[in-house]
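Remarks on the overall topology
Take a look at the letters that make up each chain.
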Amino acid sequence: MKKPAKTSLTLIILTLIFAQICVVRSQESTEDLKTCLDSIFPGIKVQVNATGETQPAHNITFVLSLKQQTEVYVEYFNFTIFGFLNGTDKVAMFNITDNNFPLGDSPKEYDGNFSVPEQAWGITYGEITLNYTATYIAEFGSLELPYKITLGFIMTNVENVYLRATEEQFRILNQTYWELLQNYTELQGSIIELDSTRRLAVVLGITTVFFVAATLYVIMRKPREPW
């Protein structure tokens, strides 16, 4: 086999290997997503897959699919993803808007990847607005019907890492408290023993002083012998 032929064969093999790797990675990334919405409306099916769980300052990946059930022309489409700062304050994190397009035989897909705000936690909330016309074919001719749809649904759960950190600190403080309480109890026992020892020493000291004083008193009071 000539050298150019060998080179071409090598390039073909490498291309096939690279393509296979890309397919595997694509399948793996899709498997990581969960289905958040899978609904059929008049003339159109809407499906949203997104990251199941994440953390503040981490990413959310999503894939949104619009598939026609009959002939559909979309006048307006909007997809907004909301998060909640500190678990309460609603804030828009991502937005897609599209206008005036027909849906073909193949699904129309939108995908994206964005970072969650650092202070956001709890659920994320997706909201879709669709203004479109669906055309139905009947025996007497075609029938066009306009629709305006707005729907919301829960998406990715953002872990409350601040609560987890607080719980961990509380656990440490609680453990420290019980260790200090145990040390205090042991120290209190030692103090009681030391106090008892001190009291005994005081009693012994007083007794000793009294005994010495009594002895001196007896000696001083003893009659002297004549010379």
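Report follows, based on the coordinates.

What counts, and at which threshold
- Residues numbered from 1 in each chain as written.
- Predicted model: local features only at pLDDT ≥ 70, side-chain atom pairs only at ≥ 80, totals over all residues.
- Heavy atoms only, no water.
- Helix = DSSP H or I, 4+ residues; strand = E, 2+ residues; numbered from the N terminus.
- Buried < 20%, exposed > 50% of the residue type's maximum accessible area, 1.4 Å probe, protein only.
- Contact = heavy atoms within 4.5 Å.
- Areas by Shrake-Rupley, 256 points an atom, 1.4 Å probe, with all protein chains shown as cover.
- Patch = residues over 30% accessible without salt bridge, like charges linked within 9 Å, V, L, I, M, F, W, Y side chains within 5 Å.
- Salt bridge = Lys/Arg side-chain N within 4 Å of Asp/Glu carboxyl O.
- Pairing = 2+ DSSP bridges.

Section: the overall build of the chain
If you tally the helices and strands in the chain, you get two helices and nine strands. Tracing the chain from N to C terminus, the helices and strands come up as α-β-β-β-β-β-β-β-β-β-α. Evaluated residue by residue, the chain yields a buried proportion of 25% over its 227 residues. A sequence separation of at least 24 residues applies to 64% of the contacts in the chain between residues at least 6 apart. For the chain, the accessible surface area stands at approximately 16,400 Å², while carbon and sulfur atoms represent 60% of it.

Brief notes about a nonpolar patch on the surface
A contiguous nonpolar patch, built from Phe140, Leu143 and Leu145 and spanning about 310 Å² of accessible area, is present on the exposed surface. Among the structural elements, Phe140 can be located in the loop between strand E8 (122–138) and strand E9 (141–158).

Here's the deal with the environment of Lys34
By secondary structure assignment, the location of Lys34 is in strand E1 (residues 33–41). Along the chain, Lys34 and Glu53 lie 19 residues apart, while their C-alpha atoms are 9.4 Å from each other. With residues near it in sequence (within four places) discarded, Lys34 still touches Val48, Asn49, Ala50, Gly52 and Met155.

What to know about the environment of Asp32
Inspection of the secondary structure puts Asp32 in the loop between helix H1 (3–31) and E1. For the pair Asp32 and Gly52, spaced 20 residues apart in the sequence, the C-alpha separation amounts to 7.6 Å.

Quick look at unusual backbone geometry
Look at Ala57: it is not a glycine, yet its phi comes out positive at around 70 degrees. In this structure, Ala57 sits in the loop between strand E3 (53–54) and strand E4 (59–68). With a phi close to 55 degrees, Asn86 is a non-glycine residue in the positive phi region. Locating Asn86 in the fold gives a position in the loop between strand E5 (71–85) and strand E6 (89–103).

A word on the pairing of E5
Both E5 and E8 contribute to a ladder of eleven bridges, which runs antiparallel. By the bridge assignment, Tyr73 is partnered in E8 with Thr133. In the sheet, E5 pairs with E6 via 13 bridges, with the strands oriented antiparallel. Residue pairing for E6: Phe82 is matched across the bridge by Ala92.

Topic: the sheet that holds E8
Reading across from one edge, E3-E9-E8-E5-E6 is the order of the five strands in this open sheet, with mixed pairing throughout. Each edge of the sheet is formed by a strand with only one pairing partner; in this case those strands are E3 and E6.

Some words on the side chain of Ser65
You can see Ser65 is positioned in strand E4. Judged by relative accessible area, which is 16%, Ser65 ranks as buried. The contacts of Ser65, once residues within four sequence positions are left out, are Lys45, Val46, Gln47, Pro107, Lys108 and Glu109.

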